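Results of the structural survey
Given next are the chains, with one letter for each unit.
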Amino acid sequence: MKKEYVIAIQGAVTAVVAYLSDRLGVLFPVMCILVFAMVADYFSGMMASKREALDHPNDPSYGWSSKKGAKGIIKKVSYLCVIAVAMIVDYVIAVAAGYLDITMPVTAFFGLLVTLWYVLNELLSIIENAGRMGGSVPEWLRKYIAVLKDKIDSEYDAGDKGT
């Protein structure tokens, strides 16, 4: 590949990353972590399915299939849709607060909360996949991530009951 093309691609990628970082603020690095976790979960799920297929060669219910893979991708796209909705809620609240002259300490509350919840969900799934592959997973790590995820859920539930 010509050096000019490489430089052009690097410049375009840098511009896109800078724009997204500026627009999303604190949400951008968390979204990057989520995308990385989604890819890692997808591939670890494929590897776990392959391991199960090797362990159960005569059982067609084990193993990777394009149908399961497509369902996994669709599920991950649905995560991004829910995050987009949460970001829209953040935007609407910020605009309404601006019209009412209310100063908001943060502008990405729901988007950040939902994204963090999905990051924790993906991390739990990666740990489960590692266990399915035969790796030993520290139980304290799985519990710690589950507690964090439950904490987000319980904070929402506690706040929801007050209304």
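The structure this text deals with has already been given above.
Notes on the structure in this doc start here. (Residues numbered from 1 in each chain as written. Predicted model: local features only at pLDDT ≥ 70, side-chain atom pairs only at ≥ 80, totals over all residues. Heavy atoms only, no water.)

1. Here's the deal with the nonpolar core
Counting nine residues, the largest nonpolar core consists of Leu27, Val30, Met31, Leu34, Met38, Tyr79, Ile83, Tyr118 and Val119. Of all elements in the fold, only helix 2 (27-55), helix 3 (66-99) and helix 4 (109-132) reach the threshold of two or more residues within this core. With five residues, helix 2 is the single largest residue contributor to this core. With residues near it in sequence (within four places) discarded, Tyr118 still touches Leu34, Tyr79, Val82 and Ile83. Core analysis: the next-biggest nonpolar cluster, separate from the first, contains six residues, Leu124, Ile127, Ile145 and Ala146 among them. (Core = buried A, V, L, I, M, F, W, Y, C linked by side-chain atoms within 4.5 Å. Buried < 20%, exposed > 50% of the residue type's maximum accessible area, 1.4 Å probe, protein only. Helix = DSSP H or I, 4+ residues; strand = E, 2+ residues; numbered from the N terminus. Contact = heavy atoms within 4.5 Å.)

2. Quick look at the packing of aromatic side chains
As enumerated under the stated definition, the model contains four aromatic pairs in all. Arranged with centres 5.0 Å apart and planes meeting at 80 degrees, the rings of Phe109 and Phe110 form a pair that is edge-to-face. Here Phe109 falls in the partly exposed class, since its relative accessible area comes to 45%. With relative accessibility at 34%, the residue Phe110 sits in the partly exposed group. Chaining the aromatic ring pairs together yields one cluster made of Tyr79, Trp117 and Tyr118. (Phe/Tyr/Trp six-rings, centres within 6.5 Å; stacked < 30°, edge-to-face > 60°.)

3. So, the pattern of salt bridges
Counted by the stated rule, this structure contains five salt bridges. The partner of Lys76 in a salt bridge is Asp41, with the nearest N and O atoms 2.6 Å apart. Highlighted residues: Lys76 in helix 3 and Asp41 in helix 2, separated in sequence by 35 residues. Put simply, Glu139 and Arg142 hold a salt bridge, and the shortest N to O gap is 2.4 Å. Of this pair, Glu139 and Arg142 both sit in helix 5 (residues 139-161), separated by three residues, roughly a single helical turn. With relative accessibility at 39%, the residue Glu139 sits in the partly exposed group. Taking relative accessible area as the criterion, Arg142 reaches 31% and is therefore assigned partly exposed. (Salt bridge = Lys/Arg side-chain N within 4 Å of Asp/Glu carboxyl O.)

4. Brief notes about helix 4
Between its first and last C-alpha atoms helix 4 spans 35 Å; for 24 residues at 1.5 Å apiece the expected length is 34 Å, and the two agree. Every buried residue belonging to helix 4 is among Gly111, Thr115, Tyr118, Val119, Leu120, Asn121, Glu122, Leu124, Ser125, Ile127 and Asn129, and all of these are buried. Where helix 4 terminates, the next one or two residues include Gly134, which has phi positive at roughly 100 degrees. (Expected span 1.5 Å × (residues − 1).)

5. What about unusual backbone geometry?
Phi is positive for Asp101, which is not a glycine, with a value near 55 degrees. The residue Asp101 is located in the loop between helix 3 and helix 4 in this model.

6. So, the packing of helix 2 against helix 3
Their axes nearest at 11 Å, the elements helix 2 and helix 3 cross at an angle of 170 degrees. Here helix 2 is positioned roughly antiparallel relative to helix 3, judged by the angle of their axes. Of the two elements, helix 2 crosses helix 3, and the hand of that crossing is right-handed. In this structure, helix 2 contributes Leu27, Met31, Leu34, Met38, Asp41 and Tyr42 to the contact, and helix 3 contributes Gly69, Ile73, Lys76, Tyr79, Leu80, Ile83 and Met87. Along the lines of polarity and charge, the residues of the contact of helix 2 with helix 3 split into 10 nonpolar, one polar and two charged. (Axes fitted to C-alpha atoms, helices over the stretch in contact; angles between N-to-C directions. Parallel < 35°, antiparallel > 145°, perpendicular 65-115°, else oblique. Left-handed = near helix turned anticlockwise from the far one by under 90°. Nonpolar A, V, L, I, M, F, W, Y, C, P; charged D, E, K, R; others polar.)

Take it as geometry only, folks, not as evidence of what the structure does.
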